[in-house]
Amino acid sequence: MTISAELLTKLADATNEVFGTMILKPLVAIPAWIPIEPRGAHVIATVAFAGYRRGAVAIHTSVEAARGITGALLGLPATAVNGEMPDAMGEVANMIAGAFRRKLAAIEPPSEISVPTLTIGSDFSTRYLGSVRRGNCPFEMDGHTIAVELILIGTEPAAVDSGD
């Protein structure tokens, strides 16, 4: 089972909103069929959500791109970023998940989101046990690939009755 284009569009819109207003860095969409496989040191910042739907929003970047995002968010050159990167990337994931949640709340019952978790390292991958569906919204920023992933747990929820 795949994730609907409507949900991925809402995630892409939420990501563009955050990068456009808080990070002030333009993103260029990359076709979703291009595989995104991080090489070397990379960062994954994840925010889970539960309610009408269950799952997570995760942002995948290289460490270098994460420093660029952090610098832009804090108004610093990327080379001046030190220990701020983990907190900043967690906050970026939190903002994207929050904007996505707000966009979903316009069409379905609201969900709650968790605090962000962050993984930084090399030569690792993520795997999910059980019934999950994954969809990617890949972007390019300043020559770096950034992928925002939607992970949904379980089956598609039943349609919401609008009462009409």
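Residues numbered from 1 in each chain as written. Predicted model: local features only at pLDDT ≥ 70, side-chain atom pairs only at ≥ 80, totals over all residues. Heavy atoms only, no water.

Visitor: Is there a simple way to explain the overall build of the protein in this structure?
Guide: Helices and strands together make up the secondary structure of the protein, namely 3 helices and 7 strands. Going from N to C terminus, the protein has its helices and strands arranged as α-β-β-β-α-α-β-β-β-β. Taken over the C-alpha trace, the protein has a radius of gyration of 16 Å; the compact-globule value for 164 residues is 15 Å, and the two agree within 12%. Once the C-alpha set of the protein is aligned to its principal axes, its extents read approximately 55 × 30 × 30 Å. Classification of the 164 residues of the protein by burial places 40% in the buried group. When contacts within the protein are restricted to residue pairs at least 6 apart in sequence, those whose partners lie at least 24 apart make up 69%. As displayed, the protein offers around 8,700 Å² of accessible surface, 55% of which is attributable to carbon and sulfur atoms. (Helix = DSSP H or I, 4+ residues; strand = E, 2+ residues; numbered from the N terminus. Rg over C-alpha atoms; globule rule 2.2 N^0.38 Å. Buried < 20%, exposed > 50% of the residue type's maximum accessible area, 1.4 Å probe, protein only. Contact = heavy atoms within 4.5 Å. Areas by Shrake-Rupley, 256 points an atom, 1.4 Å probe, with all protein chains shown as cover.)

Visitor: So what exactly am I meant to see when it comes to helix H2 (residues 63-74) here?
Guide: Count 3.6 residues to each turn of an α-helix, and residues three or four apart come out pointing the same way. Given a rise of 1.5 Å per residue, 12 residues ought to cover 16 Å, and the 16 Å separating the end C-alpha atoms of H2 matches this to within 8%. Within H2 the residues assigned to the buried category are Val-63, Ala-65, Ala-66, Gly-68, Ile-69, Thr-70 and Gly-71. At the exit of H2 stands Gly-75, carrying a positive phi of roughly 75 degrees. (Expected span 1.5 Å × (residues − 1).)

Visitor: Mind showing me how you'd approach helix H1 (residues 5-23) here?
Guide: An ideal rise of 1.5 Å per residue puts 27 Å on 19 residues; H1 measures up with 25 Å between its terminal C-alpha atoms. Buried residues along H1 sit in contact with strand S3 (55-62), H2, helix H3 (85-105), strand S6 (132-141) and strand S7 (144-153). Two residues or fewer after H1 comes Leu-24, characterised by a positive phi angle close to 60 degrees.

That is the geometry; function is a separate question.
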